[in-house]
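Chain residues, written in single-letter form:
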2 protein chains.
Amino acid sequence: MSSDVTPLPAADVARWDEEADVVIAGFGIAGAAAAVEAVRAGADVLVLERTGSWGGAASMAGGFIYLGGGTPIQKACGFEDSVANMAAYLNVAMGPGADEKRIADYCEGSLEHFDWLVGCGVHFKPEFFGEPGWEPMGDQGLMYSGGENSYPFNTIAEPAPRGHVPQMSDKKQGESSAGYMLMKPLVETATAAGARAIYDVRVQRLIVESDGRVVGVFARRYGEEIAVRARRGVVLAMGSFAYNEAMVAQYAPRIAGRPAAAIEQHDGQAIRMAQALGADLAHMDATEVAIFIDPQQLVRGILVNGRGQRYVPEDTYPGRVGQLTLYHQDNTAFLIIDEKAQEEAMASLSPQLMMRPPTWVCGTVAELESEMGLPTGSLQATVSAYNAGAATGEDPLLHKKPQWLRPIGSPVGAIDLRESTGGFTLGGLLTSLDAEVLHVSGEPIPGLFAAGRCTAGLAAWGYASGISLGDGSFYGRRAGRRAAGA
Amino acid sequence: MSSDVTPLPAADVARWDEEADVVIAGFGIAGAAAAVEAVRAGADVLVLERTGSWGGAASMAGGFIYLGGGTPIQKACGFEDSVANMAAYLNVAMGPGADEKRIADYCEGSLEHFDWLVGCGVHFKPEFFGEPGWEPMGDQGLMYSGGENSYPFNTIAEPAPRGHVPQMSDKKQGESSAGYMLMKPLVETATAAGARAIYDVRVQRLIVESDGRVVGVFARRYGEEIAVRARRGVVLAMGSFAYNEAMVAQYAPRIAGRPAAAIEQHDGQAIRMAQALGADLAHMDATEVAIFIDPQQLVRGILVNGRGQRYVPEDTYPGRVGQLTLYHQDNTAFLIIDEKAQEEAMASLSPQLMMRPPTWVCGTVAELESEMGLPTGSLQATVSAYNAGAATGEDPLLHKKPQWLRPIGSPVGAIDLRESTGGFTLGGLLTSLDAEVLHVSGEPIPGLFAAGRCTAGLAAWGYASGISLGDGSFYGRRAGRRAAGA
């Protein structure tokens, strides 16, 4: 990345090639939400999208939106929730270092945001999916997506599922993703209300008046340079920096070389353009981390590190397993699973994509430990302690739920999960709760707004599925309204 | 922190109150090294220091400077070392994510840097200190200061101590610190060569020409605002952001509320001023972390986490123990130590400041485990495995050195080390190897240089004592030379 991100003085702009009240860079979840609200606020809206169509990373995602506090879907599925309960969970799960004010703001607005999404035509089926998995296997609209019902979170707040998934027309045919079913109605709502979009436009620099106000963007379209004037405001909604190698090396080196669930357009350009204006950042080291194994296997085994020690309840959010493995266990994990448990997992309804065969299979744990090269006695002590507890339905070490506790028998296998993680960056521009981009002086940069994964959102370190589409759409709306002057 | 850090246009400066070729902000280790080299390069040098005297955090520090590759002190003490060996260690110990090019640069210049320090009047006594400890107990000039001789580093590079400590006139009288004995000759060298210094001056904003070149600083002196012109260059050497609560919350939240070995002037102002110009950052989440216990105790016990599991060889660099405890073990650790070992530690020559009494003492490990509230069986299994290995002089789990292995007997105690860590931030401005402050576009910001803890130095995540005074002095020199135009 050596593209010029230096702000361009408005005085140097010879000609404005395009013009609108609100100019939105990026037509993923944050850009679409911003477009809807800006156009509804009466603004003339122009969206500039780098690829050939709307969607961004969102339209390829599993589609979780993190919502709670007692949504109609939660109620229909028989779950109690409240704003305070949701915030109590998020304050712990999104940290260490989570921003309580932002979390409170998000939780207080969650029910209204649900209604807004439904009002835009997003449909959620009031059916709960309760099996272990990365996402629902069918078209169910609700699932635990952050380990809310697992230790330690189930001791911090009353467990409630908050992963809301837009319904697909026919998921089993694989004809679309739930993320697409979120994006499509939002984009249609925005365009029906009058928002315009231009594609294949790569936004590169901000255009700034001498008083510091952002008044447009400078972009490339088919090799040609264009200046786009924003009469009221610019909204940056260009995604993460997961694919900017230099930025990852500087800010989040542990995720280097293993981007996942991101798209190549996530090159950090929005962050760079705003930094060039003195914009502040936050939580640049935070990342989502997936571990590449089916949760149906995870819950039925025990996960150990390179010292043969357990370190996470295997029935929690698999993204948490990924984070703890990559960051705290030097990206080294092994799933110990006996033949019967492996067969059960394989027989589950999970898609077989993430199912992993055992790397080693032995008659005894002692043999397995030796085959794996673990310190002598380490795995034997771990399995022995686990089995003793499992026999009485207890897991004193990590509190895996009783339903998944069963002594590990023979033959016993181990799945090598070293270097089996990947993810995307969560840090970015520091914004106010009104989606204003904040200067390092603490003041908003006039005319500049941002939302989505080019901003630091709810997550400071931890994560739950649905947080990115959640804060992206929630603060995308704010960005659109504020940029429109509403 | 809401002070205005916005750059001031040079055209708005009505009068220059002070003027020099090179203006250096901060008179700690990086500022002093910059001053020596800038004045030697023929520049008229002015140092602006916020407090009433030179010294910064350096003059209160233990004084380690990380040097190697075969220094005269290493040789006199009988240790072999090479540039490649030093780099091999640092590439692992300073990571994950360490910058190999910077480490190679630093290692290649290490011998010359040693000579330069000696040439400035810094004296190192050619005597090795080999006991466990945070620093030498006497005036010895060399010590292991990063776990080089402990697992895993002793398997990665040939162990060599590289913590070089300036000799004090009479340490036992407590009349000074080794850091003072480093700072004093550097400051005297700089001032003898003609560098001027003004104290009680708080640098607040950079002054910038319309073409983007930094040409001075705007500061406060006794409530009065002054403009200081830098004819050739400005060097930022103002220390870390450990005491800026907002920045810590945004960039390194785990160290929030527990600054240590930093000074209150470390408020991140240099980073903010340069960010306001579009300067890039790196490794803002990295921190040094001390664990508040005497290493003489650490090596004689076993350290377990909240699950009763060992996780680090107790005879490694105690700062590494601190990092792993704070970041990977949720800041939860307990030292299990029997009565005999505790008595031995107390009888060692260590100063008693960091010695901790046991929080619990019991007749058996089972009782201790119960008293501590650890999961049933967890500590018993850990001690049993440790004792079995210790009986044969082996530690298959973590490879503590045989000299410290002895089965844990009765009575047995545990020292509660929860929330017993603290430290300072290591991240900051991204600079070139020539100490130029880099803009997010990748280009140097003309006229602006930086070194010391307001920059990202050698450490990306890990740390060793002596790295901060090491890279601060090494790149401080570069900053001074380059700012002088040499």
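Residues numbered from 1 in each chain as written. Chains lettered and ligands numbered in written order. Predicted model: local features only at pLDDT ≥ 70, side-chain atom pairs only at ≥ 80, totals over all residues. Heavy atoms only, no water.

Per an unreviewed UniProt entry, the recorded name for chain A is Succinate dehydrogenase, and the organism is Mycolicibacterium elephantis DSM 44368. The annotation that UniProt attaches to chain A under Cofactor (unreviewed entry) is "FAD". (UniProt positions renumbered as here; feature names shortened; annotations may be inferred.)

A. Just the interface of chain B and chain A, in detail. Every contact between the two is made by 36 residues of chain B and, on the other side, 35 residues of chain A. Counting the surface lost from both chain B and chain A, the interface buries some 3000 Å², and carbon and sulfur atoms represent 55% of this. It is Q250, R307 and V440 of chain B that lose the most area in chain B upon contact with chain A, and together they represent 17% of the buried surface on that side. Summed over the shared surface of chain B and chain A, the number is two salt bridges. Run the count over chain B and chain A and you get 19 residue pairs in polar contact (both at pLDDT 80 or more). Breaking the side of chain B that touches chain A down by element, the ones donating at least two residues are helix 7 (245–251), helix 8 (269–275), strand 12 (281–282) and helix 10 (318–328) of chain B. At three residues, helix 7 of chain B tops the list of elements feeding residues into the side of chain B that touches chain A. For the side of chain B that touches chain A, the residue count by class is 18 nonpolar, twelve polar and six charged. (Contact = heavy atoms within 4.5 Å. Buried area = accessible area lost by both parts, 1.4 Å probe. Salt bridge = Lys/Arg side-chain N within 4 Å of Asp/Glu carboxyl O. Polar contact = N/O pair within 3.5 Å; in protein donor to acceptor, adjacent residues only side chain to side chain. Helix = DSSP H or I, 4+ residues; strand = E, 2+ residues; numbered from the N terminus. Nonpolar A, V, L, I, M, F, W, Y, C, P; charged D, E, K, R; others polar.)

B. The arrangement of the pairing of strand 18 (residues 421–425) of chain B in detail. Residues and elements named next belong to chain B. Burial of strand 18 is extensive: five of the five residues sit out of reach of the surface. The sheet contact formed by strand 13 (residues 287–291) and strand 18 spans five bridges and is antiparallel. Note that in strand 18 the partner of A290 across the bridge is G422. (Buried < 20%, exposed > 50% of the residue type's maximum accessible area, 1.4 Å probe, protein only. Pairing = 2+ DSSP bridges.)

C. Spotlight on the domain arrangement of chain A. All names here are of chain A. As far as domains go, chain A holds domain 1 (1–290 + 425–485) and domain 2 (292–418). Spacing between the C-alpha centres of domain 1 and domain 2 amounts to 35 Å. Contacts between the two partners involve 26 residues from domain 1, matched on the other side by 28 residues from domain 2. Between domain 1 and domain 2, a total of about 2400 Å² is buried, with carbon and sulfur atoms accounting for 60% of that surface. When the buried area of domain 1 at its contact with domain 2 is split by residue, W134, R254 and W461 rank highest and sum to 29% of it. Scanning the region where domain 1 abuts domain 2 turns up one salt bridge. D330 serves as the salt-bridge partner of R254, at 3.4 Å between the closest nitrogen and oxygen. Of the residues in the side of domain 1 that touches domain 2, the class split is 13 nonpolar, nine polar and four charged. (Domains from an automatic or database assignment.)

D. Looking closely at the side chain of H283 of chain A. In this structure, H283 of chain A sits in the loop between strand 12 (281–282) and strand 13 (287–291). Here H283 of chain A is in contact with G97, L426, G427, A459 and A460 of chain A together with A249, Q250 and P253 of chain B, once residues within four sequence places are set aside.

E. Structural view of the sheet that holds strand 5 (residues 128–129) of chain B. If you trace the four strands from one edge of the open sheet to the other, you get 4-7-6-5 (chain B), paired in mixed fashion. A single partner strand is all that each edge strand has here, and the edge strands are strand 4 (65–66) and strand 5 of chain B.

F. Just the pairing of strand 15 (residues 334–338) of chain B, in detail. Residues and elements named next belong to chain B. Counting buried positions along strand 15 yields five of five residues, so the element is predominantly enclosed. Both faces of strand 15 are covered, namely the face carrying F334, I336 and D338 and the face carrying L335 and I337. Pairing analysis gives three bridges linking strand 14 (residues 302–304) to strand 15, with the strands arranged antiparallel. Bridge assignment links I302 to a residue of strand 15, and that residue is I336.

G. Summary view of the packing of aromatic side chains. Evaluation of the coordinates by the stated rule reveals 28 aromatic pairs over all chains. Here the aromatic rings of W134 of chain A and Y317 of chain A are separated by 6.5 Å at their centres, their planes lie at 70°, and the arrangement is edge-to-face. Remark: Y317 of chain A occurs in the loop between strand 14 (302–304) and helix 10 (318–328) and W134 of chain A occurs in the loop between strand 5 (128–129) and strand 6 (142–143); sequence separation between them is 183 residues. For the ring pair Y66 of chain B and Y89 of chain B, a centre distance of 6.1 Å and an interplane angle of 15° mean the geometry is stacked. Here the residue Y66 of chain B occupies a position in strand 4, and Y89 of chain B occupies one in helix 3 (residues 83–93), the gap between them amounting to 23 residues. What makes Y66 of chain B buried here is its relative accessible area of 0%. Put simply, the rings of Y66, Y89 and F153 of chain A touch in pairs and so form one group of aromatic residues. The ring centre of Y475 of chain A lies 4.9 Å from the NZ or CZ of R102 of chain A, which sits over that ring. (Phe/Tyr/Trp six-rings, centres within 6.5 Å; stacked < 30°, edge-to-face > 60°. Lys NZ or Arg CZ within 6 Å of the ring centre and 35° of its normal.)

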